[in-house]
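Descriptive structure summary
Given next are the chains, with one letter for each unit.
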Amino acid sequence: MKRILLGLGSNKSFAGNSPVELLRKACLELTENIFSPLFSSVYKTKAMYVENQEDFYNMAVYGFVPDDTNALDFLHYINSIEAKYGRDRSKEIRFGPRSLDIDIELFGDEVINTEKLQIPHPRMQERAFVLVPALEILPENAEKIERERYSVSLGNLKSDGKADDIAFFMSSEKLLSLQVEEKKWNRL
């Protein structure tokens, strides 16, 4: 099996679903094609590149796909999830508001540098909103070198004040139980 790390984010509602609800729905969809998924907590973060927009809700997902999974095919799969939940890349501002963003941060040990896909994600180490949730769920023993490298990157961001705009918002358990709570309220 090939390990993967995804970064998810949302700051715009779609079809009556809040950004947090869209993250939950995306997580549930991802479990169909990711084995042994681990979900980080959700973090609320200030927009990084285009600052005049709503705060983002970010998280990470770690898991495994079969060894023969092609990264571009997987990108197409996650892009279809984004589109299902309102993302239309042709109408958005780069780094602007979006209902759902799913980035492939790591895909096995692959290094890919094409116009459509760069792995490892080229801006991962400058983004506390990726590093904080990733470090929460990366397994200690299997990813020791990466954990150390990402911990150093996060430490550098913190010392430069570039990690000040991220705050814990909700545990993964709470996120994934939102559906249960919705059903309870619908019965009343």
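1. Things to note about the overall build of the protein chain
The helix and strand inventory of the protein chain stands at five helices and eight strands. Element order for the protein chain, N to C, with α for helix and β for strand: β-α-β-β-β-α-β-β-β-α-α-β-α. Taking 188 residues into account, the globule formula puts the C-alpha radius of gyration at 16 Å, and the protein chain, at 16 Å, falls close to it. In terms of overall dimensions, the protein chain has C-alpha extents of about 50 × 40 × 35 Å along its principal axes. Considering only contacts in the protein chain between residues 6 or more positions apart, those separated by 24 or more positions represent 71%. In the form shown here, the protein chain has an accessible surface area of approximately 10,200 Å², with 51% of it arising from carbon and sulfur atoms. Computing the positive centroid from 25 side-chain charges and the negative centroid from 30, the protein chain places the two 4 Å apart.

2. Some points on the nonpolar core
As a rule of thumb, soluble globular proteins bury nonpolar side chains together. Counting 33 residues, the largest nonpolar core has Leu 6, Leu 8, Leu 30, Phe 74 and Ile 104 as its most contacted members. For this core, the elements supplying multiple residues, two or more each, are strand E1 (2-10), helix H1 (19-30), strand E4 (56-65), helix H2 (71-84), strand E5 (101-107) and helix H5 (172-187). The residues contacting Leu 8, other than those within four sequence positions of it, are Leu 23, Ala 26, Cys 27, Leu 30, Tyr 57, Asn 58, Met 59, Val 61, Asp 101 and Ile 102.

3. Section: the layout of surface pockets
There is about 850 Å³ of room inside the largest pocket. Of all the secondary-structure elements, those providing two or more residues to the lining of the largest pocket are E1, E4, H2, E5 and helix H3 (128-137). A per-element tally of the lining of the largest pocket places E5 first, with five residues. Broken down by class, the residue content of the lining of the largest pocket amounts to 16 nonpolar, eight polar and 13 charged.

4. Some thoughts on H3
Counting buried residues along H3, nine of its ten residues qualify, which places the element largely inside the surrounding structure. Looking at H3, one finds that the buried residues are Ala 128, Phe 129, Val 130, Leu 131, Val 132, Pro 133, Ala 134, Leu 135 and Ile 137.

5. Let's talk about the pairing of E5
For E5, a buried count of seven out of seven residues is recorded, marking the element as mostly surrounded by other parts of the structure. Pairing between E1 and E5: six bridges, direction antiparallel. Within E5, the residue paired with Gly 7 across the bridge is Asp 103.

6. Quick look at the pattern of salt bridges
The full count for this structure, using the stated rule, is ten salt bridges. The salt bridge partner of Arg 87 is Glu 82, with a shortest N-O separation of 3.2 Å. Here Arg 87 matches Glu 82 in class, with each residue buried. Across the pair Asp 101 and Arg 98 runs a salt bridge whose closest N-O atoms are separated by 3.4 Å. Comparing Asp 101 with Arg 98 shows no difference in burial state: the two are buried. Among the charged side chains, a salt-bridge network with shared partners connects Glu 82, Arg 87, Arg 89, Arg 98 and Asp 101.

7. A word on the packing of H1 against H2
Describing two packed helices takes the angle between their axes plus the distance from one axis to the other. One can describe the packing of H1 onto H2 by two numbers: an axis separation of 11 Å at closest approach and a directional angle of 145°. Here H1 and H2 pass one another in a crossing that is right-handed. In this structure, H1 contributes Ala 26, Glu 29 and Leu 30 to the contact, and H2 contributes Tyr 77, Ile 78, Ile 81 and Lys 84. Of the residues assigned to the contact of H1 with H2, the class counts are five nonpolar, no polar and two charged.

8. Notes on the confidence of the model for the protein chain
The predicted structure's coordinates, where accompanied by low pLDDT, should not be read in detail. Of the residues in the protein chain, 91% have a pLDDT of 70 or more, and the chain-wide mean is 87. Low pLDDT, under 50, characterises residues 180-188; the stretch is placed with three contacts to residues that sit more than four places away or in other chains.

Reading the values: rules and limits
- Each chain has its residues counted from 1, following the order in which its sequence is written.
- Where totals are concerned, whole chains, interfaces and linings use all residues; where local detail is concerned, this predicted model gives features only for residues with pLDDT of at least 70, and gives and counts side-chain atom pairs only at 80 or more.
- Remark: hydrogens and water are excluded; side-chain values derive from all non-hydrogen atoms of the structure.
- For helices the rule is a DSSP run of H or I covering at least 4 residues; for strands it is a run of E covering at least 2, with both sets numbered from the N terminus onward.
- The atom set for the radius of gyration is the C-alpha atoms, and the globule formula is 2.2 Å times the number of residues raised to the power 0.38.
- Contacts are residue-level and defined by heavy atoms, with any inter-residue pair within 4.5 Å sufficient.
- Using a 1.4 Å probe, accessible areas were evaluated by the Shrake-Rupley method; residue-level cover was limited to the displayed protein chains.
- The charged-residue count follows a simple rule in which Lys and Arg add positive charge and Asp and Glu add negative charge, with His and chain termini not counted at all.
- Charged groups are reduced to one reference atom each: NZ for lysine, CZ for arginine, CG for aspartic acid, CD for glutamic acid.
- Put simply, a nonpolar core is a bunch of buried Ala, Val, Leu, Ile, Met, Phe, Trp, Tyr and Cys residues held in one set by side-chain atoms that sit within 4.5 Å of each other.
- Relative accessibility decides the category of a residue: with a 1.4 Å probe and only protein chains considered, values under 20% of the type maximum give buried, values over 50% give exposed, and everything between is partly exposed.
- Cavity means a closed set of points on a 1 Å grid over the protein atoms alone, one where a 1.4 Å probe fits but cannot get out, pocket means an open set with protein on both sides within 12 Å along at least 5 of 7 lines, and lining means a residue has an atom within 4 Å of a point.
- Grid points are joined across faces, edges and corners, and a volume is the space filled by probe spheres set on the points.
- Polarity classes work like this: nonpolar for Ala, Val, Leu, Ile, Met, Phe, Trp, Tyr, Cys and Pro, charged for Asp, Glu, Lys and Arg, and polar for all others, with Gly in that last group.
- Note: two strands are recorded as paired if DSSP finds a minimum of 2 bridges between them.
- Salt bridge, as used here: a side-chain nitrogen of Lys or Arg that lies within 4 Å of a carboxyl oxygen of Asp or Glu.
- Angles here are taken between N-to-C directions and fall from 0 to 180 degrees, while the axes themselves are lines fitted to C-alpha atoms, restricted in helices to the stretch in contact.
- Less than a right angle of anticlockwise turn of the near helix away from the far helix marks a crossing as left-handed, whereas a clockwise turn marks it as right-handed.
- The quantity known as pLDDT measures the predictor's confidence residue by residue, on a range of 0 to 100.

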